[in-house]
Amino acid sequence: MGRGKGFSVVSRESGMEDREITRALKPKVLDLLGVLVVHGHITKREIIDSIGGPVETVRVETPNARATNLRELMAEFSAEKRTREFLEDEVTELQNGTTKLLKQWREAERREALSQRKLDELRGQTERLVEATRDGVASLQRLRGEMKKSDRGAAELADHVRRMRAIVEAVQALRVPQKTDALATRDGHEAR
């Protein structure tokens, strides 16, 4: 009825059915319950028990919990960043090493191809020497056959035979390393 004038019954119906009244009353009741909890006059458990039955609890993070959580996230982010930087450095180092090995491999292939060309040239020259030596030996044998009938030129013929033997030995010496080189080259290709 107004300030200091008392109360009068307006209606016997519950105000809980009126949305406007409950909307205005709700924050005040919650504030009052919060004050009672803070001052230790009532516990949260008592409030939950008074409404009957289990109520879902909502976890409210305090500013300290948020700060701790943020620090943990920042530490985890920092560790992941360091790990990523380390792995990026490792990948870069591996790429550089691979590039260096590839260059060395290409250089080795280039040198091998050059060596193979030179070896082929030497083989060709050796074959020409072998052919010339065969011709020389055949010529010497024909000359010997003709010289058996006469005594003239025996000393020159003996000197010629000595020179041909030296040539034959030199050519044979050239042919043996060629076989060894060919085997080494072939084995080198098989190993790779």
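All values reported here derive from a predicted model rather than from experimental measurement.

1. Quick word on the overall build of the protein chain
Helix and strand counts for the protein chain stand at 4 helices and 0 strands. Ordered by position in the sequence, the α and β elements of the protein chain form the string α-α-α-α. A total of 192 residues make up the protein chain; the buried ones form 7% of that total. For the protein chain, contacts bridging at least 24 residues in sequence account for 55% of all contacts bridging at least 6. Here the protein chain displays about 17,200 Å² of accessible surface, and carbon together with sulfur accounts for 57% of that area.

2. Section: the pattern of salt bridges
This model, assessed by the stated rule, comprises 6 salt bridges. Close ionic contact of Arg110 with Glu107 constitutes a salt bridge, the shortest N to O distance being 2.5 Å. With Arg110 and Glu107 both in helix H3 (residues 63-147), this residue pair falls 3 residues apart, about one helical turn. Between Glu131 and Arg134 there is a salt bridge, and its shortest N-O distance comes to 3.7 Å. In this pair, Glu131 and Arg134 both sit in helix H3, 3 residues apart, roughly one turn of the helix.

3. What to know about the side chain of Thr133
Within the secondary structure, Thr133 is located in helix H3. Looking at Thr133, its side chain comes within polar contact range of the main-chain oxygen of Leu129, at 2.6 Å. In contact with Thr133, not counting residues within four places along its chain, are Met164, Ile167, Val168 and Val171.

4. Quick word on a negative patch on the surface
Taken together, Glu85, Asp89, Glu90 and Glu93 make up a surface patch of like negative charges. Its location among the elements puts Asp89 in helix H3.

5. Overview of helix H1 (residues 19-38)
Given a rise of 1.5 Å per residue, 20 residues ought to cover 28 Å, and the 29 Å separating the end C-alpha atoms of H1 matches this to within 8%. The largest bend in H1 is about 30°, located at Leu25, with the proline Pro27 one to four residues further on. Here H1 starts with a cap whose side-chain oxygen sits 3.1 Å from the backbone nitrogen of Glu20, and that cap is Asp18.

6. Quick notes on the confidence of the model for the protein chain
For the protein chain, the average pLDDT comes to 80, and 83% of its residues sit at 70 or higher. Mean pLDDT values over the elements of the protein chain span from 66, in helix H4 (residues 154-191), up to 89, in H3.

So, how was this worked out
- Residues numbered from 1 in each chain as written.
- Predicted model: local features only at pLDDT ≥ 70, side-chain atom pairs only at ≥ 80, totals over all residues.
- Heavy atoms only, no water.
- Helix = DSSP H or I, 4+ residues; strand = E, 2+ residues; numbered from the N terminus.
- Buried < 20%, exposed > 50% of the residue type's maximum accessible area, 1.4 Å probe, protein only.
- Contact = heavy atoms within 4.5 Å.
- Areas by Shrake-Rupley, 256 points an atom, 1.4 Å probe, with all protein chains shown as cover.
- Salt bridge = Lys/Arg side-chain N within 4 Å of Asp/Glu carboxyl O.
- Polar contact = N/O pair within 3.5 Å; in protein donor to acceptor, adjacent residues only side chain to side chain.
- Patch = residues over 30% accessible without salt bridge, like charges linked within 9 Å, V, L, I, M, F, W, Y side chains within 5 Å.
- Lys, Arg positive; Asp, Glu negative; His and termini not counted.
- Charge placed at Lys NZ, Arg CZ, Asp CG, Glu CD.
- Expected span 1.5 Å × (residues − 1).
- Bend = angle between axes of the 7 residues up to and from the residue.
- pLDDT = per-residue confidence, 0-100.

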